[in-house]
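Examination of the molecular architecture
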Amino acid sequence: MTDARLAALAARLPNLRLLTDPADLEHYGRDWTRRWTPAPLAIALPGDVAEVQDIVRWANEQGVAVVPSGGRTGLSGGAVAAHGELVLSLERMNRVLDFDAVDRTLTVQAGMSLHAVHEAAKEHGLIYPVDFAARGSCSIGGNIATNAGGIRVIRYGNTREWIAGLTVVAGNGKLLQLNRGLIKNSSGYDLRQLMIGSEGTLGIVVEATVRLTDPPPSSQVMLLALPNMDALMEVFALFRSRLTLQAFEFFTDVALRHVLAHGAQRAIDGEHPYYVVTEFDADESSQDAALAAFEYGVDHGWISDGVIAQSEAQAAALWRLREGITESLAPHRPYKNDISLRISALPVFLHEIQTLLGQAYPHFDVVWFGHIGDGNLHINVLRPENLSDSDFIAQCEHVTKLLADTLQRHGGSISAEHGIGLVKRAYLGSTRSEAEIALMRGVKQVFDPKGLLNPGKLFI
Ligand SMILES: Cc1cc2nc3c(=O)[nH]c(=O)nc-3n(C[C@H](O)[C@H](O)[C@H](O)COP(=O)(O)OP(=O)(O)OC[C@H]3O[C@@H](n4cnc5c(N)ncnc54)[C@H](O)[C@@H]3O)c2cc1C
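What you are looking at is a predicted structure, and each value in this text was computed from that prediction instead of being measured.

What follows is about the domain arrangement of the protein. Taken domain by domain, the protein consists of domain 1 (4-91), domain 2 (96-211), domain 3 (219-326) and domain 4 (334-417). On a C-alpha basis, the centres of domain 1 and domain 3 stand 43 Å from each other.

Neighbouring the ligand are 35 residues; Pro 68, Gly 70, Gly 71, Thr 73 and Ser 139 lie closest to it. A distance of 2.7 Å is found between an oxygen atom of the ligand and a side-chain nitrogen or oxygen belonging to Thr 73. For the ligand, an oxygen atom lies 3.3 Å from a polar atom in the backbone of Gly 78. Protein contact buries 97% of the 980 Å² of open area that the ligand shows by itself. Mapped onto the shell around the ligand, the elements with two or more residues apiece are strand 3 (66-69), helix 5 (140-146) and strand 9 (203-211). In terms of residues, the shell around the ligand owes the most to one element, helix 5, which gives 5 residues. For the shell around the ligand, the two domains that each supply at least three residues are domain 1 (4-91) and domain 2 (96-211).

Right, let's talk about the pattern of salt bridges for a bit. Evaluated as defined, the whole model comprises 20 salt bridges. Arg 155 serves as the salt-bridge partner of Asp 281, at 3.0 Å between the closest nitrogen and oxygen. Taken together, the residues span a long stretch of sequence, with Asp 281 in strand 12 (residues 274-281) and Arg 155 in helix 6 (residues 153-156) at a distance of 126 residues. Take Asp 281: its relative accessible area is 11%, and that puts it in the buried class. With relative accessibility at 28%, the residue Arg 155 sits in the partly exposed group. For the salt bridge of Arg 192 with Asp 190, the shortest nitrogen-to-oxygen distance reads 2.5 Å. Look at Asp 190 and you get partly exposed, because its relative accessible area is 32%. Salt bridges linked by common partners bring Arg 12, Asp 54, Arg 57 and Glu 61 together as one network.

The alternating pattern of strand 4 (residues 86-89) places Leu 86 and Leu 88 and Val 87 and Ser 89 on opposite faces, both of which are buried. Where strand 2 (residues 42-45) and strand 4 come together, 3 bridges link them in parallel fashion. Of the residues in strand 4, the one forming a bridge with Ile 43 is Val 87. Strand direction decides the pairing type here: strand 3 and strand 4, joined by 4 bridges, are parallel. Across the sheet, residue Pro 68 finds its bridge partner in strand 4, namely Leu 88.

Below, the discussion takes up the side chain of Asn 147. Position of Asn 147 relative to the elements: it lies in the loop between helix 5 and helix 6. Relative accessible area serves as the criterion here: at 14%, Asn 147 is assigned to the buried category.

With that settled, consider the sheet that holds strand 14 (residues 335-340). With respect to topology, 7 strands assemble into an open sheet ordered 13-10-12-11-15-16-14, the strand pairing being antiparallel. Two strands lie at the open edges of the sheet, namely strand 13 (305-308) and strand 14, each paired on one side alone. Shown here is a sheet whose adjacent strand axes are inclined to one another by a mean of 15°, direction ignored. Direction of pairing for strand 15 (residues 365-371) relative to strand 16 (residues 376-382): antiparallel, over a ladder of 7 bridges. Note on strand 16: the bridge partner recorded for His 371 is Asn 376. Most of the contacts of helix 10 (residues 286-299) go to strand 10 (residues 219-226), to which it runs at about 5°, and overall it touches strand 10, strand 12 and strand 13.

Leu 224, Phe 239, Phe 250, Trp 368 and Leu 377 are the most contacted members of the largest nonpolar core, which has 58 residues in total. It is helix 8 (residues 229-242) that contributes the most residues to this core, 8 residues altogether. When residues of this core are assigned to domains, at least three fall in each of domain 3 (219-326) and domain 4 (334-417). Not counting chain neighbours up to four residues away, the residues in contact with Phe 239 comprise Met 222, Leu 224, Leu 245, Phe 248, Thr 278, Ala 290, Ala 293, Phe 294 and Ile 303. If you look at the next biggest cluster of nonpolar residues, it comprises 55 residues, including Val 49, Leu 86, Val 130 and Leu 178.

Inspection of the secondary structure puts Trp 58 in helix 3 (residues 49-62). Residue classification places Trp 58 among the buried positions, given a relative accessible area of 0%. As for Trp 58 and Gly 173, which are separated by 115 residues in sequence, their C-alpha atoms are 9.0 Å apart. Ignoring anything within four residues of it in the chain, the contact list for Trp 58 reads Arg 5, Leu 6, Ala 8, Leu 9, Arg 12, Leu 41, Val 64 and Leu 86. Within polar-contact distance, the side chain of Trp 58 engages the backbone oxygen of Arg 5 at 2.9 Å.

About the thresholds
- Residues numbered from 1 in each chain as written.
- Predicted model: local features only at pLDDT ≥ 70, side-chain atom pairs only at ≥ 80, totals over all residues.
- Heavy atoms only, no water.
- Domains from an automatic or database assignment.
- Near = heavy atom within 4 Å.
- Polar contact = N/O pair within 3.5 Å; in protein donor to acceptor, adjacent residues only side chain to side chain.
- Areas by Shrake-Rupley, 256 points an atom, 1.4 Å probe, with all protein chains shown as cover.
- Helix = DSSP H or I, 4+ residues; strand = E, 2+ residues; numbered from the N terminus.
- Salt bridge = Lys/Arg side-chain N within 4 Å of Asp/Glu carboxyl O.
- Buried < 20%, exposed > 50% of the residue type's maximum accessible area, 1.4 Å probe, protein only.
- Pairing = 2+ DSSP bridges.
- Axes fitted to C-alpha atoms, helices over the stretch in contact; angles between N-to-C directions.
- Contact = heavy atoms within 4.5 Å.
- Core = buried A, V, L, I, M, F, W, Y, C linked by side-chain atoms within 4.5 Å.

Written out as structure tokens, the structure is:
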């Protein structure tokens, strides 16, 4: 170890896995944004909680910033290490610690992948219902740190709803046991909830106790083609009133084009500007109810075409059209917006924003998709080949400012589920008041007095 600070860490924790190879620094120093050049000091891969605490104590003594790192599937630059930080990867801490059949909870280490949590729940005949396409690579710790949402929020809510307890190493190295799995706990501030969505700026989640629930009844999946954006909210209201929805996701023809080019199969012929994938509880009446809703939508000019999956393979193929979008766009290094509004505010907002984006990006491919049933839209702008990265980002930032102003007027949020990270920190003030941000900074100061946990993220 040529760096004296790392030599001190290695001497303090002789069994700690420390990586300094350039390929490792590159691999662990970035997330899915790929916008910043990774430049961490080193990568630490602790094997237990005591090692995490010791790393944080060492960081305080040496004044080294620490970037907590899960699966680095984050879309806001939260896990990026570009300024000589130590990346603290939880990937080796990936075991199930406990299952409690009476409490219906699973306690896991924070580095466990979301998919592995799903599988562990399934072994006990239960489900952990937060779900989305990055399930195989993202970690439960990262999900907690971003309050991840996904495709089942309409039915089950965000990660926040499913966390019964957390074990956290705070910025001073102290270990906190937060809420300990209790359902009711009216004994002061709920620091567990404060930790959820804090993007690694307040503490390092090392263990989580998640709630499990019964699997949903069997379901049916339907793909609908829509003639315009107004129809989207009408069809949502229609289907929600007649069926028990498990998911209601939308995407545009531009998104479809990319996902088809990436290997997905077309399911509805012809050109249609908007599509919806919806999944709903299947019972003896749901097939008839879905068909009746479909016909009602067609009669009112809200639905142009549709298909209902007849097998699990067909259902998976329909889902792929929605779930494959983020991956199909990745080679274009899109500029991502992840905005949220009250559902009631969506129709007016959508009109305003369509006009704004049409004027702002006349020559760019703009890909819309998202969790419309939760009021959450993903607007991805793709860089034209003839534009440099820096010019492209500058143009997008200009439009994001206009978008943020529009959101502010409609009471929305600049980040629905991806977090603020580096990408959206300049716009935090459009969603949170000055007074709120001042209090947030104060909270950060209490948990992390030296400002070593993920500095530069969330706040400028
Ligand atoms: C194909 C694809 C689809 C996606 N779909 C969705 C979706 O539908 N909904 C959604 O919400 N997100 C989605 N995402 C974004 C991403 O998967 C989530 O934000 C996820 O929760 C990040 O988890 P991670 O382990 O990869 O975290 P990372 O990217 O490693 O980190 C994210 C943030 O959490 C912090 N962090 C990580 N681990 C810890 C820890 N143990 N303690 C404290 N802080 C920590 C990091 O410092 C960083 O700030 C998608 C991403 C991809 C690539």
